[in-house]
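Chain residues, written in single-letter form:
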Amino acid sequence: MAGSVVAVSRNGEYSFTKPNRDGIRLLAGLGVEGDVHAGVTVKHRSRVAQDPSQPNLRQVHLMHEELFEELAEAGFTVAPGQLGENVTTRGVDLLGLPVGTLLRFGAEAVVEVTGLRNPCAQIDDFQHGLLKQVVGRDDNGALVRKAGIMGVVRSGGEIRPGDGITVTLPPEPHRPLDRV
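Below is a summary of the structure that appears in this document. (Residues numbered from 1 in each chain as written. Predicted model: local features only at pLDDT ≥ 70, side-chain atom pairs only at ≥ 80, totals over all residues. Heavy atoms only, no water.)

So, the overall build of the protein chain
What counts, and what does not: Helical segments are the DSSP runs of H or I of at least four residues, strand segments are the runs of E of at least two, and each set is numbered from the N terminus. The atom set for the radius of gyration is the C-alpha atoms, and the globule formula is 2.2 Å times the number of residues raised to the power 0.38. With a 1.4 Å probe rolled over the protein chains alone, any residue whose accessible area is under 20% of its type maximum counts as buried; one over 50% counts as exposed, and the rest are partly exposed. A contact between two residues is defined here by any heavy atoms of the two lying within 4.5 Å. Areas reported as accessible are Shrake-Rupley estimates using a 1.4 Å probe. Residue values count occlusion only from the protein chains shown. Residues scored as charged are limited to Lys and Arg (positive) and Asp and Glu (negative), so that His and the chain ends carry no count. Positions of charges follow a simple convention, taking NZ of Lys, CZ of Arg, CG of Asp or CD of Glu.
Of the regular secondary structure elements, the protein chain holds four helices and 13 strands. Here the C-alpha atoms of the protein chain give a radius of gyration of 15 Å, agreeing with the 16 Å that 2.2 N^0.38 yields for 180 residues. Dimensions along the principal axes, computed over C-alpha positions, put the protein chain at roughly 40 × 35 × 30 Å. The 180 residues of the protein chain split such that 44% are buried. Counting only contacts in the protein chain whose residues sit at least 6 apart along the sequence, the fraction spanning at least 24 positions is 68%. With an accessible surface of roughly 8800 Å², the protein chain has 48% of that area assigned to carbon and sulfur atoms. Separation of charge centres in the protein chain, based on 19 positive and 22 negative side chains, amounts to 6 Å.

Here's what the structure looks like:
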């Protein structure tokens, strides 16, 4: 499985959206250089309030561009970076990857997939009704989260739009993604 980077985004301040950039630099063990969520320990406000010493399993937020097309069919307009992701991808089934998958961007950067993003009510502040589009239930009643995945940086490097993405699955048995 291979795909490509559509856009990269970062923000040094807490904000729902992240401006697109010409490139971002990943720092091993920390996240996106200059992004408010970079660090060894958790930076997400609600998680910090619970326990600020938790490891940061949410250093990089990745979202598939195909979701924007699905949202457009439901009447929503969403562009890269607007839902807070750092890397917008195309051609990789991000939600179908198991925990521990390695994503290589370009020649150097490697992100290890840790789990699913758990979107909160802020998404409805961005566009009313959007939360129901990215969190729902399948035919069996199981919760389905579609707002991207999270990962940690294993190997630093630059990521730019147009870079290729190479997927390396972990050894079996595979563990399905859950919220982090």
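Don't stop here, the text continues.
Notes on the pattern of salt bridges
Pairing between side chains of opposite charge can happen when their charged atoms approach one another. Heads up, the rule is: Think of a salt bridge as a Lys or Arg side-chain nitrogen and an Asp or Glu carboxyl oxygen that are within 4 Å of each other.
The full count for this structure, using the stated rule, is eight salt bridges. With a closest N to O distance of 2.8 Å, Glu-65 and Arg-90 form a salt bridge. Of this pair, Glu-65 sits in the loop between strand 5 (60-64) and helix 2 (66-73) while Arg-90 sits in strand 6 (residues 87-90); the two residues are 25 residues apart in sequence, bridging distant segments of the chain. Note on Arg-90: relative accessible area 28%, which makes it partly exposed. Connected through shared salt-bridge partners, Glu-65, Glu-66, Glu-69 and Arg-90 make up one network.

Some details on the sheet that holds strand 12 (residues 157-159)
Note the threshold: When DSSP finds two or more bridges between two strands, those strands count as paired.
Read across the open sheet, the three strands follow the order 4-3-12; overall the sheet is antiparallel. Pairing within the sheet leaves two strands with one partner each, and these edge strands are strand 4 (31-32) and strand 12. The pairing of strand 3 (residues 24-27) with strand 4 spans two bridges and is classified as antiparallel. By the bridge assignment, Leu-27 is partnered in strand 4 with Gly-31.

Here we look at the nonpolar core
To keep it simple, the criterion reads: Within this scheme, the nonpolar core is defined by two criteria: the residues are buried Ala, Val, Leu, Ile, Met, Phe, Trp, Tyr or Cys, and they are joined through side-chain atoms within 4.5 Å.
Judged by nonpolar contacts, the single largest core of 24 residues is most densely connected at Leu-26, Leu-62, Leu-103, Phe-105, Ile-149 and Ile-159. At the level of secondary structure, the elements contributing two or more residues to this core comprise strand 1 (2-9), strand 3, strand 5, strand 7 (102-105), strand 8 (109-116), strand 11 (149-155) and strand 13 (164-168). For this core, the element with the most residues is strand 8, which contributes four residues. The residues contacting Ile-149, other than those within four sequence positions of it, are Val-60, His-61, Leu-62, Leu-94, Leu-95, Leu-97, Leu-103, Val-113, Gly-115, Leu-116, Arg-117 and Leu-177. Leu-67, Phe-68, Ile-123 and Ala-147 belong to the second largest nonpolar core, which has twelve residues in total.

Digging into the packing of aromatic side chains
The following threshold applies: The pairing test for Phe, Tyr and Trp rings, Trp by its six-membered ring, is centres within 6.5 Å, and the orientation test on the planes gives stacked under 30 degrees, edge-to-face over 60, and tilted for anything in between.
What the rule picks out here adds up to one aromatic pair. On the numbers, 5.7 Å between centres and 35 degrees between planes, the contact of Phe-16 with Phe-126 is tilted. Here Phe-16 is found in the loop between strand 1 and strand 2 (20-21), whereas its partner Phe-126 is found in helix 3 (residues 122-126), with 110 residues between them in sequence. What makes Phe-126 partly exposed here is its relative accessible area of 25%.

A word on the pairing of strand 6
Every regular strand shows the same layout, with side chains that alternate between the two sheet faces. Bridge count for strand 1 against strand 6 is four bridges, and the pairing is antiparallel. Its bridge partner being in strand 6, Val-8 is matched across the sheet by Val-87. Where strand 5 lies against strand 6, three bridges are found, and the strand directions are parallel. Paired with Met-63 across the two strands is Thr-88, which belongs to strand 6.

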